[in-house]
Amino acid sequence: MKKRAVICLLAGVLAAASLSGCGSFDGSDVVVTVDDKEITADLANFLARYTQAQYETYYAGYLGDDMWNSEGSSDGESYEDTVKDSVLESLENMYLMEAHMGDYDIALTEEEENSIKEAAKQFDENNGLEEKEKVSGNTDTVERILELMTIQKKVQDAVMAGADTEVSDEEAAQKKMQYVTFSFTTTDEEGNSSEMTDEEKAELKTQAEEFAAGAAGASDFSAYASQQGYEAVEGTFDSESTGYPEELVAEMDKLEEGGTTGVVESTGGYYVARVTSLFDREATDTKKTEIVQERQQKLLDDTISEWRDDAKIDVNNRVWDKVDFNKLSVTMKQDETDPYADEVQTDDQAEETE
């Protein structure tokens with residue numbers, strides 16, 4: 001039978017969760033070695049159950065009760081295996097970050113160490129012995145996971161700080177447009193949607209062409225759209241924008257300020273649009289931030305990839321396979337009276353709470 005535990009999250013930057021594990025392995029068993037460092041089953045199980053709790057709490061409603069057996073990747077791997085692979089890689093990366101923290105003159109402060117001990121103590125006090133055994137939630141394990149999470153955050157920040165943060169207006173420039181959509185999807189009075197027939201699409205195209213002809217000579221695109229019973233939507237874009245149909249972006253990118261497209265067809269409908277500005281300050285600044293964030297993430301990914309290439313990582317699948325998401329359900333529960341209290345609930349307690 002599938003046992004059930006309900007968990008709530010520790011508060012603050014050093015967040016971790018109280019989780020329920022299956023206890024089918026010795027906590028000191030080695031799941032993976034990273035160079036000369038051994039990662040035990042206790043650590044791997046605790047992080048796995050924490051991650052499982054997040055998925056079961058927030059995604060089970062979309063993925064169903066049998067979510068862990070559903071397909072989780074394009075190669076047919078189960079959702080459970082996909083998530084477990086991610087958990088193990090995260091844990092391996094944490095150990096690599098710890099190994100390289102000295103490269104960035106990083107160390108845990110006394111305040112951070114005290115916060116870790118306090119969080120682990122709170123976890124220990126709010127959970128019963130049986131529940132903590134299921135979650136591999138002994139104090140040493142909780143402290144170690146929180147320590148690794150803290151180091152991970154500090155190393156990530158240090159690595160990303162090395163990214164180039166200079167972005168020119170030209171590189172990030174965003175244009176502004178207004179557009180009207182003639183959608184191929186219709187909705188009836190009961191809220192049911194359906195695709196137009198070819199005949200209906202032909203009629204719709206005629207309407208779009210009539211609108212485009214009038215809009216081309218209108219001084220105010222939005223006002224003209226309103227007069228014709230349509231709504232003009234504002235947006236910003238550049239030649240690489242993916243938030244709009246590529247056909248529309250390609251046509252808009254050809255125009256000067258004030259230029260209006262003809263009817264642009266995409267898979268979802270027809271569009272008629274006008275470029276209202278070749279440079280939008282606010283959108284450009286937002287794009288600059290996005291570019292910097294992309295650079296930072298790429299630098300972090302590349303750095304970790306280099307560390308992984310240089311490291312010797314060995315996984316003991318015999319032990320790791322014993323962490324089974326199908327034999328134990330784990331979710332998170334936030335105590336409304338004390339949002340910072342951790343609690344693991346057994347089957348009966350969970351049923352009463354829910």
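The protein chain is annotated in an unreviewed UniProt entry as peptidylprolyl isomerase of Claveliimonas bilis.

**Details of the overall build of the protein chain**
When its secondary structure is counted, the protein chain shows 13 helices and 11 strands. Looking at the 354 residues of the protein chain, the share that counts as buried comes to 42%. Partitioning the intrachain contacts of the protein chain with sequence separation of at least 6 by distance along the chain shows that 73% fall at a separation of at least 24. By element, 42% of the accessible surface of the protein chain is carried by carbon and sulfur atoms, the whole surface being about 19200 Å².

**A few points about the sheet that holds strand 8 (residues 264-265)**
One open sheet holds the four strands; their spatial order is 7-4-9-8, and the pairing between them is antiparallel. Two strands close off the open sheet at either side, each with one partner strand: strand 7 (233-237) and strand 8. Relative to strand 7, strand 4 (residues 175-183) runs antiparallel, the two being bridged by five bridges. Bridge assignment links methionine 177 to a residue of strand 7, and that residue is glycine 235. Across the face of the sheet, helix 8 (residues 198-216) comes into contact with strand 4 and strand 9 (269-277) while running at roughly 15° to strand 9.

**Concerning a nonpolar patch on the surface**
On the surface, Tyr58, Tyr59, Tyr62 and Leu63 cluster together into a nonpolar patch covering about 510 Å² of accessible area. Within the secondary structure, tyrosine 62 sits in helix 2 (residues 60-63).

**Observations concerning the packing of helix 3 (residues 79-100) against helix 11 (residues 281-310)**
Between helix 3 and helix 11, whose axes approach to 10 Å, the crossing angle comes to 90°. With respect to helix 11, the element helix 3 is oriented roughly perpendicular. Where helix 3 approaches helix 11, its residues Glu89, Glu92, Asn93, Leu96, Met97 and His100 are matched on the opposing element by Ile304, Trp307 and Arg308. Classifying every residue of the contact of helix 3 with helix 11 by side-chain character gives four nonpolar, two polar and three charged.

**With respect to unusual backbone geometry**
Backbone geometry follows two general trends: most residues other than glycine have a negative phi, and most peptide bonds adopt the trans configuration. The phi torsion at aspartate 35 lies on the positive side, around 60°, for a residue other than glycine. Inspection of the secondary structure assignment puts aspartate 35 in the loop between strand 2 (30-34) and strand 3 (37-40). According to the relative accessible area criterion, aspartate 35 is partly exposed, its value standing at 43%. Even without glycine at this site, aspartate 105 takes up a positive phi of about 55°.

**Notes on the environment of lysine 37**
Note on placement: lysine 37 falls in strand 3. The spacing of lysine 37 and leucine 96 is 59 residues in sequence and 9.6 Å in space, taken between C-alpha atoms. Aside from chain neighbours lying at most four places away, what touches lysine 37 is Val32 and Tyr95.

**Here we look at the pattern of salt bridges**
Scanning all chains against the criterion turns up 19 salt bridges. Residue aspartate 157 is joined to lysine 153 by a salt bridge in which the shortest nitrogen-to-oxygen separation is 2.6 Å. Taken together, the residues span about one helical turn, with aspartate 157 and lysine 153 both in helix 6 (residues 139-160) at a distance of four residues. As a salt-bridge pair, arginine 295 and glutamate 171 come within 3.1 Å of each other at their nearest N and O atoms. Taken as a pair, arginine 295 in helix 11 and glutamate 171 in helix 7 (residues 169-172) lie far apart in primary sequence, 124 residues in all. On the accessibility criterion, glutamate 171 (44% relative accessible area) is partly exposed. Here the salt bridges do not stand alone but share partners, grouping Asp169, Arg281, Asp285 and Lys288 into one network.

**Digging into the nonpolar core**
Counting residues in hydrophobic clusters, the biggest one holds 48 residues, and the most contacted among them are Val31, Leu47, Leu91, Val155 and Trp320. Among the secondary structure elements, those contributing two or more residues to this core are strand 2, helix 1 (41-58), helix 3, helix 4 (110-125), helix 6, helix 11 and helix 12 (317-320). Apart from residues lying up to four places away in sequence, valine 155 is in contact with Met97, Met101, Ile106 and Trp307. The next biggest cluster of nonpolar side chains, apart from the first, holds 16 residues, and it includes Ala212, Ala215, Tyr270 and Val272.

**A short note on the sheet that holds strand 3**
With antiparallel pairing, the three strands of this open sheet are ordered in space as 3-2-10. Only two strands of the sheet have a single neighbouring strand rather than two, namely strand 3 and strand 10 (313-315). Direction aside, neighbouring strands of the sheet carry axes that sit 20° apart on average. Bridge count between strand 2 and strand 3: four bridges; the pairing is antiparallel. Its bridge partner being in strand 3, valine 34 is matched across the sheet by lysine 37.

**A word on the environment of asparagine 317**
Along the chain, asparagine 317 turns up in helix 12. Using a relative accessible area of 43% as the deciding quantity, one classes asparagine 317 as partly exposed. Residues asparagine 317 and valine 30, spaced 287 residues apart in sequence, show a C-alpha to C-alpha distance of 9.8 Å.

Reading the values: the criteria
Residues numbered from 1 in each chain as written. Predicted model: local features only at pLDDT ≥ 70, side-chain atom pairs only at ≥ 80, totals over all residues. Heavy atoms only, no water. Helix = DSSP H or I, 4+ residues; strand = E, 2+ residues; numbered from the N terminus. Buried < 20%, exposed > 50% of the residue type's maximum accessible area, 1.4 Å probe, protein only. Contact = heavy atoms within 4.5 Å. Areas by Shrake-Rupley, 256 points an atom, 1.4 Å probe, with all protein chains shown as cover. Pairing = 2+ DSSP bridges. Axes fitted to C-alpha atoms, helices over the stretch in contact; angles between N-to-C directions. Patch = residues over 30% accessible without salt bridge, like charges linked within 9 Å, V, L, I, M, F, W, Y side chains within 5 Å. Salt bridge = Lys/Arg side-chain N within 4 Å of Asp/Glu carboxyl O. Parallel < 35°, antiparallel > 145°, perpendicular 65-115°, else oblique. Nonpolar A, V, L, I, M, F, W, Y, C, P; charged D, E, K, R; others polar. Core = buried A, V, L, I, M, F, W, Y, C linked by side-chain atoms within 4.5 Å.

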